[in-house]
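Chain residues, written in single-letter form:
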Amino acid sequence: MTKNKDTDDLKIYPASKALQKKAPLTNKDLNYVLQEANAGIENMRDDYLDWAKNDIVRLESAYDILKANPDDLQKIKNVHWIAHDMKGQGGTFGYTLMTTVLDYLCTFLEARSTMSKQDLKVTQLHINAAKTIISERLIDSGGETGDQIILGLEKMIGTGE
């Protein structure tokens, strides 16, 4: 038998009492636990659509404030944080296109300390894309429509037109 230096010195320590209280041991099969978790996520998928619609309202509101104050870094950060929260939820509920679009928006906003008229237009296009994803229920990568959305956003970001 060959030795594996990555595991030869491996020691396993029991969880601390504090950790055991937060995550108690279970006799449940890990596959069963994962199935329960996946079922819970699936049951919340319709709720996600409502949450996303509410988040889009918040995102649009923050964008409107930013549009009136394009030189205010805090206003840019407000739009960024809402988009950041939304992108984290998208993939969890099967809307990977939402995650991709909002990741693009977050990256775009992170590079700015002020917003030009063109920057505001690009931001609005991302928000419109998010609205389309929810209204059309574009799950996963969104198929052809998703491809068109991504291509359009990449063109706007890449060329600034």
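Bear in mind the structure is a predicted one, so any value in this text is a computation, not a measurement.

What counts and how
Residues numbered from 1 in each chain as written. Predicted model: local features only at pLDDT ≥ 70, side-chain atom pairs only at ≥ 80, totals over all residues. Heavy atoms only, no water. Helix = DSSP H or I, 4+ residues; strand = E, 2+ residues; numbered from the N terminus. Expected span 1.5 Å × (residues − 1). Buried < 20%, exposed > 50% of the residue type's maximum accessible area, 1.4 Å probe, protein only. Contact = heavy atoms within 4.5 Å. pLDDT = per-residue confidence, 0-100. Axes fitted to C-alpha atoms, helices over the stretch in contact; angles between N-to-C directions. Parallel < 35°, antiparallel > 145°, perpendicular 65-115°, else oblique. Left-handed = near helix turned anticlockwise from the far one by under 90°. Nonpolar A, V, L, I, M, F, W, Y, C, P; charged D, E, K, R; others polar. Salt bridge = Lys/Arg side-chain N within 4 Å of Asp/Glu carboxyl O. Phe/Tyr/Trp six-rings, centres within 6.5 Å; stacked < 30°, edge-to-face > 60°. Polar contact = N/O pair within 3.5 Å; in protein donor to acceptor, adjacent residues only side chain to side chain. Core = buried A, V, L, I, M, F, W, Y, C linked by side-chain atoms within 4.5 Å.

*Asks:* Summarise helix H5 (residues 96-110); cite the residues concerned and give the values.
*Replies:* Compared with an ideal rise of 1.5 Å per residue, which puts 15 residues at 21 Å, H5 spans 21 Å between its outermost C-alpha atoms and is within 8% of the ideal. All of the buried residues along H5 are Leu97, Met98, Val101, Leu102, Leu105, Cys106, Phe108 and Leu109.

*Asks:* Outline the environment of tyrosine 95, listing residues and values.
*Replies:* Structurally, tyrosine 95 is set in the loop between helix H4 (73-92) and H5. When the C-alpha positions of tyrosine 95 and alanine 37 are compared, they lie 17 Å apart, and in sequence the two are 58 residues distant. Contact partners of tyrosine 95, with chain neighbours within four places excluded, come to Arg45, Tyr48, Leu49, Gly90, Ile133, Arg137, Leu138, Ile139 and Asp140.

*Asks:* Go over the confidence of the model for the protein, please, and point to the residues and values.
*Replies:* For the protein, the average pLDDT comes to 88, and 90% of its residues sit at 70 or higher. The spread of mean pLDDT over the elements of the protein runs between helix H1 (residues 5-8), the lowest at 58, and helix H6 (residues 117-135), the highest at 97.

*Asks:* Give a detailed account of the packing of H5 against H6, specifying residues and quantitative values.
*Replies:* Two elements in contact, H5 and H6, have axes separated by 10 Å at closest approach and are oriented at 165°. Comparing their axes, H6 and H5 come out roughly antiparallel. Viewed along their axes, H5 and H6 form a crossing whose handedness is left-handed. Between H5, through Leu97, Met98, Val101, Leu102, Tyr104, Leu105, Phe108 and Leu109, and H6, the contact on the second element is made entirely by Asp119, Val122, Thr123, His126, Ala129, Ala130, Ile133 and Ile134. For the contact of H5 with H6, the per-class residue count stands at 13 nonpolar, two polar and one charged.

*Asks:* Describe in detail the pattern of salt bridges, supporting the description with residues and values.
*Replies:* With the rule as written, the count across this model stands at five salt bridges. Here aspartate 72 ties to lysine 75 by a salt bridge, and the two come within 3.6 Å at their closest N and O atoms. For lysine 75, a relative accessible area of 22% gives the class partly exposed.

*Asks:* Break down the packing of aromatic side chains for me, with residues and values.
*Replies:* With the rule as written, the count across this model stands at three aromatic pairs. Between the aromatic rings of tyrosine 48 and phenylalanine 93, the centroid separation amounts to 5.2 Å while the plane-to-plane angle is 15°, which identifies the pairing as stacked. Here phenylalanine 93 lies in the loop between H4 and H5 and tyrosine 48 lies in helix H3 (residues 30-68), a separation of 45 residues in the sequence. For the pair tyrosine 48 and phenylalanine 93, one class covers both residues: buried.

*Asks:* Describe the side chain of histidine 126, naming the residues involved and giving the relevant values.
*Replies:* Looking at the element boundaries, histidine 126 is found in helix H6. Dropping the residues within four chain positions of it, histidine 126 is found in contact with Val101, Tyr104, Leu105, Leu153 and Ile157.

*Asks:* Go over H4, please, and point to the residues and values.
*Replies:* Owing to its 3.6 residues per turn, the α-helix aligns residues three or four sequence positions apart on the same side. Look at H4: 30 Å from first C-alpha to last across 20 residues, which is about the 28 Å you get at 1.5 Å a residue. Where H4 is buried, its residues touch H3, H5 and H6. Where H4 begins, one side-chain oxygen reaches toward the backbone nitrogen of glutamine 74, 2.9 Å away; that side chain belongs to aspartate 72. Once H4 ends, the next one or two residues include glycine 94, with phi positive near 90°.

*Asks:* Which residues make up the nonpolar core, and what values go with them?
*Replies:* If you look at the biggest cluster of nonpolar residues, it comprises 36 residues, and the most contacted ones within it are Tyr48, Met98, Val101, Ile133 and Ile149. Non-local contacts of isoleucine 149, meaning those with residues more than four positions away in its chain, are made with Leu97, Val101, Ala129, Thr132, Ile133 and Leu138.

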